[in-house]
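Chain residues, written in single-letter form:
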Amino acid sequence: MERALVVLLRTAARMLPPARRQWAEALQAEAGQVPAGRTRVHWLAGGLWLVAREGSVTRKVAYWLGIGAVAAAAAWTVWVSWRTVSAADGEITTDRVRILVGLVALIVLPWAGRKRGWFGPVGSGAAARAFRVVGCAAVCGLGVALIRIDSHAGNNGIGYGAFNWMREVGGLTLFGAVLAMPPVLKARWPQLEASTLWSLAGLAGVVVWAIMPVQLLTIGYFAAILAATSRRSPVTGTSLVAGTVTGLATGLIIFGLAAISGDIGLTVVYPVVASIFALAIPAGIASAWRLGETDNSKEGRETRIRQGLLAGTVSGAVCSLLLTYAFIGFGLMMVFGPMIGVVGGAVGGAIAADHPRNSPRQGSWAAGLFFIARDGQTS
Amino acid sequence: MPRPRAFSAQTLAVMAALACQPSAWRHGYDLATETGLKSGTLYPILIRLADRQLVEACWEEGQPAGRPRRHLYRLTGDGLAAAKSALAIAAEVPAKAMRPTRRVAAPRRLAGENS
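> Honestly, the nonpolar core in this entry has me stumped. Any pointers?
For soluble globular proteins, nonpolar side chains are generally found buried alongside one another. Formed by 42 residues in total, the largest nonpolar core has its most connected members in Phe7, Val14, Leu42, Tyr43, Leu46, Leu49 and Tyr73 of chain B. Broken down by secondary-structure element, the contributors of at least two residues to this core are α1 (2-12), α2 (18-30) and α3 (38-54) of chain A together with α1 (9-20), α2 (28-35), α3 (39-51), β3 (71-75) and α4 (77-92) of chain B. A per-element tally of this core places α1 of chain B first, with seven residues. Membership of the second largest hydrophobic core comes to 41 residues, among which are Cys140, Met212, Ala228 and Ala317 of chain A.

Right, here's the structure in full:
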């Protein structure tokens with residue numbers, strides 16, 4: 001048993017970053033001095049725990065299991081789209097192509113952005129990892145929801161109709177042009193202001209959205225999820241958590257309102273807008289408050305508002321995605337939800353900046369533990 | 001400026017053990033015996049303290065007979081100051097406000113303290 005643990009520890013220690021490896025070696029070097037038997041086994045087992053902890057093994061395993069789950073969700077979406085026969089749904093070819101394009105985006109985006117780190121690697125926090133996995137799986141699930149809705153609708157003339165190569169290829173080409181536009185224009189005319197570039201790209205984006213809204217939203221959401229959870233992302237873990245919690249809460253409130261009014265249709269648009277705005281505010285406050293020590297400078301205030309704004313965006317996006325699952329007509333909210341959330345989050349950030357949280361108390365719970373331990377020994 | 005983190009009970013136990021003989025190099029099993037901490041708890045604490053440059057670590061010089069070289073630890077100047085300050089605060093906090101969750105050995109008296 002001891003020998004097996006020693007071998008296991010030596011092997012596992014290789015998983016640690018070089019700077020951390022000496023600590024596992026140190027623990028192993030001490031093992032010979034530890035009394036043989038149970039004590040030594042515990043000592044070596046502690047070494048394995050050290051490796052698991054310092055190598056973030058549990059987190060890595062959980063993340064890769066999550067990536068596997070996203071791959072399974074994506075495969076399931078493709079399978080559902082292929083299982084649906086065209087007799088039941090005249091738009092199924094369009095859906096299949098769009099789902100495949102979304103899948104390609106899910107693979108290509110992290111690869112394309114890997115050098116600059118726009119879309120990866122994933123941030124080190126558990127919130128970023130969980131948000132990336134669950135968010136990507138949720139967008140994949142949206143594809144399944146779309147196919148089911150199309151299947152139920154049948155060939156009734158609602159939607160985009162039969163597959164049209166010109167529309168799909170043209171839309172994708174235009175989408176590529178939109179993405180390439182800012183860097184190309186900046187390289188050709190360096191004096192162009194960033195606002196002009198983004199305005200031009202935004203206008204072209206609206207045109208693409210009109211041609212192929214589902215793809216634009218799918219790819220946009222994938223890109224936004226990957227960017228928000230990447231290592232260089234300005235979105236903090238608190239913003240992700242606060243935004244997700246308030247977004248889900250908003251979605252549930254809207255479901256409740258719809259249940260009371262007996263309609264989940266577009267008649268509840270005003271309450272939806274009001275709810276997203278209202279619940280983005282606490283998300284903004286929470287994320288801005290969690291930024292650390294109070295800083296009353298202009299930069300400190302701007303930082304808080306910016307973080308609140310990001311949390312509000314997350315809140316609006318999460319709520320909109322949830323609503324789109326329930327009623328595809330709310331797909332439009334996937335664009336407007338984050339925009340409303342931005343405003344609410346910014347308001348929350350500003351409130352947090354104007355009302356700084358009181359400093360946390362000094363000392364720690366550990367202090368009392370020692371007080372008790374010391375008294376226990378002296379008495 | 002980020003708020004300095006409070007030390008956990010286990011971390012304070014390690015700092016107190018190291019602060020008893022600030023100039024002496026201690027090894028892991030020695031510290032584990034004194035603090036009652038398991039290796040899986042002790043070493044991450046030592047890593048964090050070394051990362052914050054409160055503890056310095058080095059390998060034993062020369063090859064001792066019959067056993068592998070040990071990794072040795074002692075508090076840095078900053079570490080000793082932090083230990084004294086943290087232990088002083090710990091002694092002042094009212095026990096009734098705290099909820100102990102795990103038993104650890106009480107910190108020994110610091111070197112140079114008479115009473």
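> Any chance you could explain the environment of Thr76 of chain B here in plain terms?
All names here are of chain B. Note on placement: Thr76 falls in the loop between β3 and α4. Note: C-alpha distance between Thr76 and Leu54 (22 residues apart in sequence) is 5.4 Å. When residues no more than four places from it in sequence are discounted, the contact partners of Thr76 are Gln53, Leu54, Val55 and Glu56.

> Honestly, the packing of aromatic side chains in this entry has me stumped. Any pointers?
Residue and element names in this part refer to chain B. Following the criterion strictly, the structure yields five aromatic pairs over all chains and no others. Taken together, a centroid distance of 6.4 Å and an interplanar angle of 80° make the contact between Tyr43 and Tyr73 edge-to-face. Taken together, the positions of Tyr43 in helix α3 and Tyr73 in strand β3 put the pair 30 residues apart, joining distant regions of the chain. Residue classification places Tyr43 among the buried positions, given a relative accessible area of 0%. On the basis of relative accessible area, Tyr73 is assigned to the buried category, the value being 0%.

> How should the environment of Thr303 of chain A be read in this particular structure?
Following the sequence through the fold, Thr303 of chain A ends up in helix α12 (residues 298-326). Among the polar contacts made by the side chain of Thr303 of chain A, one reaches the main-chain carbonyl oxygen of Glu299 of chain A at a distance of 2.6 Å.

> What am I meant to see in helix α7 (residues 165-188) of chain A here?
An α-helix turns once per 3.6 residues; consequently, residues spaced three or four apart project the same way. Residues and elements named next belong to chain A. For α7, with 24 residues, the first-to-last C-alpha span of 32 Å sits near the 34 Å given by 1.5 Å per residue. Where α7 bends most, the angle comes to about 45°, and this point is Met181, followed within four residues by the proline Pro182. Listed in full, the buried residues belonging to α7 are Arg167, Glu168, Gly171, Phe175, Val178, Pro182 and Leu185. In this fold, the buried residues of α7 make contact with α5 (92-112), α8 (194-211) and α9 (213-228).

> I tried to follow the confidence of the model for chain A on my own but got confused; where do I start?
Where the model shows low pLDDT, its predicted coordinates should not be examined in detail. Residues and elements named next belong to chain A. Averaged over all residues, the pLDDT of chain A is 79; the fraction at 70 or higher stands at 83%. By mean pLDDT, the top-scoring element of chain A is helix α13 (residues 333-354) (90), and the lowest-scoring one is helix α14 (residues 365-378) (47). Taken as a whole, residues 359-372 scores under 50 in pLDDT and shows 40 contacts with residues more than four places along the chain or in a different chain.

> Mind showing me how you'd approach the environment of Val318 of chain A here?
Residue and element names in this part refer to chain A. Tracing the backbone through its elements, the reader meets Val318 in helix α12. On the basis of relative accessibility, which here comes to 14%, the residue Val318 falls in the buried class. Through-space distance from the C-alpha of Val318 to that of Gly251 is 8.2 Å; in sequence the pair is 67 residues apart. The contact partners of Val318, leaving out residues within four places of it in the chain, are Phe131, Gly243, Thr244, Gly247 and Leu248.

> Mind showing me how you'd approach a nonpolar patch on the surface here?
On the surface, a cluster of nonpolar side chains totalling about 430 Å² of accessible area is made up of Val104, Ile107, Val108 and Trp111 of chain A. Assignment of secondary structure puts Val108 of chain A in helix α5.

> I would appreciate a short explanation of the pattern of salt bridges in the present structure.
Note on pairing: side chains with opposite charge can pair once their charged atoms come close. Here the structure, examined in full by the defined rule, presents seven salt bridges over all chains. The closest approach of N and O atoms between Glu30 of chain A and Arg70 of chain B, which form a salt bridge, is 3.7 Å. Taken together, the residues Glu30 of chain A in helix α2 and Arg70 of chain B in the loop between β2 (55-59) and β3 connect one chain to another. A single burial state applies to Glu30 of chain A and to Arg70 of chain B, both of which are buried. A salt bridge links Arg301 of chain A to Asp354 of chain A, with the nearest nitrogen and oxygen atoms 2.4 Å apart. Here Arg301 of chain A, found in helix α12, pairs with Asp354 of chain A, found in helix α13; they are 53 residues apart in sequence, far enough to count as distant. Overall, the relative accessible area of 48% leaves Asp354 of chain A in the partly exposed class.

The rules behind each value
Residues numbered from 1 in each chain as written. Chains lettered and ligands numbered in written order. Predicted model: local features only at pLDDT ≥ 70, side-chain atom pairs only at ≥ 80, totals over all residues. Heavy atoms only, no water. Core = buried A, V, L, I, M, F, W, Y, C linked by side-chain atoms within 4.5 Å. Buried < 20%, exposed > 50% of the residue type's maximum accessible area, 1.4 Å probe, protein only. Helix = DSSP H or I, 4+ residues; strand = E, 2+ residues; numbered from the N terminus. Contact = heavy atoms within 4.5 Å. Phe/Tyr/Trp six-rings, centres within 6.5 Å; stacked < 30°, edge-to-face > 60°. Polar contact = N/O pair within 3.5 Å; in protein donor to acceptor, adjacent residues only side chain to side chain. Expected span 1.5 Å × (residues − 1). Bend = angle between axes of the 7 residues up to and from the residue. pLDDT = per-residue confidence, 0-100. Patch = residues over 30% accessible without salt bridge, like charges linked within 9 Å, V, L, I, M, F, W, Y side chains within 5 Å. Areas by Shrake-Rupley, 256 points an atom, 1.4 Å probe, with all protein chains shown as cover. Salt bridge = Lys/Arg side-chain N within 4 Å of Asp/Glu carboxyl O.

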